[in-house]
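Now for the letters of each chain:
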Amino acid sequence: MFGKKKSHLPQKQIDSLIGSSTTINGDLDFEGGLRVDGRVRGHIHGSDAGTSTLVVGESGRVDGEIRASHIVVHGQVDGPVVATEYLELLATAQVRGDVTYKTLEMHVGAVVDGRLLHIEQERAEVVEIKRLGTT
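Residues numbered from 1 in each chain as written. Predicted model: local features only at pLDDT ≥ 70, side-chain atom pairs only at ≥ 80, totals over all residues. Heavy atoms only, no water.

Participant: How should the overall build of the protein chain be read in this particular structure?
Facilitator: Across its full length, the protein chain holds zero helices and 15 strands. Within the protein chain, the proportion of its 135 residues that are buried is 38%. Counting only contacts in the protein chain whose residues sit at least 6 apart along the sequence, the fraction spanning at least 24 positions is 9%. As displayed, the protein chain has an accessible area near 8,600 Å², and 49% of this comes from carbon and sulfur atoms. (Helix = DSSP H or I, 4+ residues; strand = E, 2+ residues; numbered from the N terminus. Buried < 20%, exposed > 50% of the residue type's maximum accessible area, 1.4 Å probe, protein only. Contact = heavy atoms within 4.5 Å. Areas by Shrake-Rupley, 256 points an atom, 1.4 Å probe, with all protein chains shown as cover.)

Below, the structure written as structure tokens:
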């Protein structure tokens with residue numbers, strides 16, 4: 001109960017950083033880890049090939065859709081958010097758009113002006129195979 005908080009992020013390494021004095025106009029595709037402390041006017045999409053971690057810092061702002069397997073939001077997002085695995089909205093987070101998630105952690109003070117849409121867990125089905133010549 002009072003132990004160390006377990007991290008849900010698949011990686012703790014940030015491969016790319018958009019600094020607080022940087023503004024990017026256009027879409028971004030990334031692999032690995034990306035932290036946004038500046039402003040991005042465009043969509044940010046993590047790689048479909050593996051896990052991708054996106055952190056929107058407290059001074060960060062994204063005007064567009066963000067999509068990654070793991071997302072942490074401290075700052076502001078104006079657009080839909082899609083986290084295929086895990087989404088954490090910290091107390092300073094402000095999201096204006098629909099939020100789609102598999103696992104959600106939302107801190108007191110976080111604001112979502114949109115719908116919360118849960119990704120259903122995939123259901124495993126048992127397939128029975130009959131061999132020829134057997135009953």
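Participant: Mind showing me how you'd approach the pairing of strand S13 (residues 99-106) here?
Facilitator: Two faces, one strand: in a regular strand the side chains alternate between the faces of the sheet. Alignment of strand S11 (residues 81-89) against S13, held across seven bridges, turns out to be parallel. Counterpart to Ala 83 in the pairing with S13 is Tyr 101. Strand direction decides the pairing type here: S13 and strand S15 (residues 116-118), joined by three bridges, are parallel. Residue pairing in the sheet places Thr 100 in a bridge with Leu 117 of S15. (Pairing = 2+ DSSP bridges.)

Participant: How do you make sense of the nonpolar core when you look at a structure like this?
Facilitator: Most often, soluble globular proteins keep nonpolar side chains buried together rather than apart. Counting residues in hydrophobic clusters, the biggest one holds 24 residues, and the most contacted among them are Ile 44, Leu 54, Ile 66, Ile 71 and Leu 87. For this core, the secondary structure elements donating two or more residues are strand S3 (28-30), strand S4 (32-36), strand S7 (52-56), strand S9 (66-73), S11 and S13. Here Leu 87 is in contact with Ile 71, Val 73, Val 81, Val 99, Tyr 101, Thr 103, Leu 104 and Glu 105, once residues within four sequence places are set aside. (Core = buried A, V, L, I, M, F, W, Y, C linked by side-chain atoms within 4.5 Å.)

Participant: Help me understand the pattern of salt bridges in this model?
Facilitator: A side chain with one charge can pair with a side chain of the opposite charge if their charged atoms come near. This structure, assessed with the given rule, holds eight salt bridges. For the salt bridge of Arg 35 with Asp 37, the shortest nitrogen-to-oxygen distance reads 3.1 Å. Where Arg 67 meets Glu 65, a salt bridge forms, and the shortest distance between an N and an O atom there is 3.5 Å. Assessed through its relative accessible area of 17%, Glu 65 is described here as buried. Taken together, the shared-partner salt bridges in this structure form one network comprising Arg 39, Arg 61, Asp 63, Asp 78 and Arg 96. (Salt bridge = Lys/Arg side-chain N within 4 Å of Asp/Glu carboxyl O.)

Participant: Mind showing me how you'd approach the pairing of S11 here?
Facilitator: Among the nine residues that make up S11, seven are buried, leaving the element largely enclosed by the rest of the structure. Bridge analysis of S9 against S11 gives seven bridges, and the strand direction is parallel. The partner of Ile 71 across the bridge, within S11, is Leu 87.

Participant: Got a minute to help me understand the sheet that holds strand S8 (residues 61-63) in this structure?
Facilitator: Across a sheet, strands are paired by hydrogen bonds formed along the backbone, either parallel or antiparallel in direction. Strand order in this open sheet of six strands is S2-S5-S8-S10-S12-S14, and the pairing throughout is parallel. At either end of the open sheet lies a strand with only one pairing partner, and these are strand S2 (23-25) and strand S14 (111-113). The mean inter-strand angle of the sheet, taken between neighbouring strand axes irrespective of direction, is 5°. Where strand S12 (residues 94-96) lies against S14, three bridges are found, and the strand directions are parallel. Bridging across to S14, Arg 96 finds its partner in Asp 113. (Axes fitted to C-alpha atoms, helices over the stretch in contact; angles between N-to-C directions.)

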